[in-house]
Amino acid sequence: MNYGLMRRIIGFTYTLVILLFIGLGFCYSNETNSYYRENASRFDDYWTVNGKLITFPYSNHEEFTIENTLPKVYGDQILVLRCYYEHFIVSIDGKEILEDRPNKLFGKETNVGKKEIWVPLSEDYSGSTISIHLEMQKALYGSELSEGFITTRSGYGIMQLKSNALSAVIFVLFTVTGVFEVIVSAFFILKRAHLIRKLSFEALFYAGWFSIISAQWIINETRLPFILFGFMTGFSVLTIISFLLMPLLFYSISRTIYLRTDPVDNAIDIFMIVVILISCLLAVIGYIQWGWLIYVAHVLDVIAMFMVAYYSFSSIKKEQQLNARTGIALANGLFIMIACYALFKYIVNVDNNYTFFIIIDLMIYIMVQVGLVYRRIGLNVREEKEFMQAKIFAFTDELTRLGNRRHFYTMIDDYEKNKLPHNLTYIAIDVNKLKFVNDNIGHDAGDELLVGTAQCIKNAFSSSPTTTISRMGGDEFAILIIAGKAEVETRIRNMKIMLGKWKGKYIDGITVAVGSAAVWENPDCSINDLSKIADKRMYEDKALFYKEAGIDRRTNHNT
């Protein structure tokens, strides 16, 4: 009998029974609603403008005055009106009691954070006429009076917490999991796990930050932080910056998952970073209003969603059958459609309930993306745990401490499980004059020649997280790197400079023959095809070296 399975079934059944009794306690108690105990009530009826009754939401592009008669109020209560205002003056029975103060951020006046009017009340105001003279913000998507409450500050916080319970739960969940993902992924990135897992951990790193930033944006949209702590301007700026960073992180996750390192992709990434930095700087110095950064964020949203949609479409088009990559592409498509709908609701009415759709959208996106990343990471965890020590010996060249031929072919197998990245380049390297050194100086000198070559190759290429370097045997080395043409050429040039300057006990300066081949110039090629092209070019380079040096390669003597 499987006692482990039985224990799980019993534990699961026990948990269900406990939850059932808790649910019955809520459903069949004689106190089904505690709303009457809360010191809070809506106050958005019977407002008038110029004697005419209005209904909320209400918008007016001119300055206007709204009036109403206060009910019975108490000294610990406040009147809260939700609206994006530029300026307001509050009067009770014609006597001015409150006027907004200029908001300043970094010494510059700003209208950011002007999204709620809080009017402190007194028992003396009961039954009095309250008048509020308003000038609304000139926002591109409109600005309007949306809701009104008479409440205490604590009652307002409880009311918001109850109405945004899902947002609060998602905030905690996204923050905790995001921090965990960032810490774990950063550890393995710094540990330099093998290539495919390293790329997966980079995707997890971006996904973790996306969760944290999304959580910050979600909780700020509930208004709970500034209800509890104040600092309405500060939390509003934090909301805007979070909203700016979300499309950048969304794009970064997708780039890493799809192994996109083309110059165009890099340029878009840099463009988004620069736009965010410049926009924030202009807002800090007061050249533009912080609120305008929302429009910048929406432009970045469109760019990111378009590029990810393109990646997803390209991925589906290239695959011949349904697999994990096709599934992630379809999930991206669903995410983009819901995000577009939420964006449309925001543009039509900034006070629309678009946040609900974004929360659902983020839940779908993060669960799918992180699920894929964990699946990728988990594929090799058991193997790596069981055979880690054996791999160190089996996959390492004893002389140069680089990967060996077996390691290189294992990496090739990892690549060929999926479509080869567009910027994957195969580089073949062969050391010149090894036979001459072995015959005339000695095998210790020949070993030093190989070790020096390995060190220079490693110094020139290992800073790239997408590089695999191996000694294939004898004087032959091979490199796989995902990078653009310019980067590959720069690294090869730097390697040759390092080799020329290298000095050891026996060797003073090293020369090598180099040949390379990239997927972008040989579409639909396998890595084996790339290796043949690179080898051919490398042997042409070697022949040119011996010809220019006047050396007979077969005898290593001058001709």
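Residues numbered from 1 in each chain as written. Predicted model: local features only at pLDDT ≥ 70, side-chain atom pairs only at ≥ 80, totals over all residues. Heavy atoms only, no water.

A. Structural view of the side chain of Ser279. Mapped onto the secondary structure, Ser279 falls in helix H7 (residues 263-284). The class of Ser279 is buried, set by a relative accessible area of 8%. Among residues more than four places away in sequence, those in contact with Ser279 are Ile288, Leu293 and Val296. (Helix = DSSP H or I, 4+ residues; strand = E, 2+ residues; numbered from the N terminus. Buried < 20%, exposed > 50% of the residue type's maximum accessible area, 1.4 Å probe, protein only. Contact = heavy atoms within 4.5 Å.)

B. Region of interest: the nonpolar core. One finds Leu244, Tyr251, Met272, Trp290 and Leu293 to be the most contacted residues of the largest nonpolar core, which totals 40 residues. Of all elements in the fold, only helix H3 (165-191), helix H4 (195-221), helix H6 (232-257), H7 and helix H8 (293-318) reach the threshold of two or more residues within this core. A per-element tally of this core places H6 first, with 11 residues. Not counting residues up to four positions away in its chain, the partners in contact with Trp290 are Leu105, Phe106, Thr110, Val112, Val237, Ile240, Ile241, Cys280, Ala283 and Val284. Core analysis: the second largest hydrophobic core is formed by 28 residues, Val431, Ile457, Phe461 and Ile492 among them. (Core = buried A, V, L, I, M, F, W, Y, C linked by side-chain atoms within 4.5 Å.)

C. Examining the sheet that holds strand E5 (residues 78-82) more closely. The strand order across the open sheet built from 4 strands is E1-E12-E5-E10, with neighbouring strands paired in antiparallel fashion. Since the sheet does not close on itself, it has two edges, and those belong to strand E1 (40-42) and strand E10 (116-120), each with one partner. When strand polarity is set aside, the average angle formed by the axes of neighbouring strands in this sheet is 20 degrees. (Pairing = 2+ DSSP bridges. Axes fitted to C-alpha atoms, helices over the stretch in contact; angles between N-to-C directions.)

D. Main features of the packing of helix H14 (residues 443-461) against helix H15 (residues 485-501). As a packed pair, H14 and H15 sit with axes 9 Å apart at the nearest point and diverge in direction by 145 degrees. Crossing hand, H14 versus H15: right-handed. For the pair H14 and H15, the contacting residues are Gly452, Thr453, Cys456, Ile457, Asn459, Ala460 and Phe461 in the first and Arg491, Ile492, Met495, Met498 and Leu499 in the second. Partitioned by chemical class, the residues of the contact of H14 with H15 number 8 nonpolar, 3 polar and 1 charged. (Left-handed = near helix turned anticlockwise from the far one by under 90°. Nonpolar A, V, L, I, M, F, W, Y, C, P; charged D, E, K, R; others polar.)

E. Up close: the sheet that holds strand E6 (residues 85-92). Pairing is antiparallel in the open sheet, where 6 strands are placed in the order E3-E2-E4-E11-E6-E7. Both edges of this open sheet fall to strand E3 (52-53) and strand E7 (95-99), since each of them pairs with a single strand only. Pairing of E6 with strand E11 (residues 129-136), which is carried by 7 bridges, proceeds in the antiparallel orientation. Across the sheet, residue Ser91 finds its bridge partner in E11, namely Ser131.

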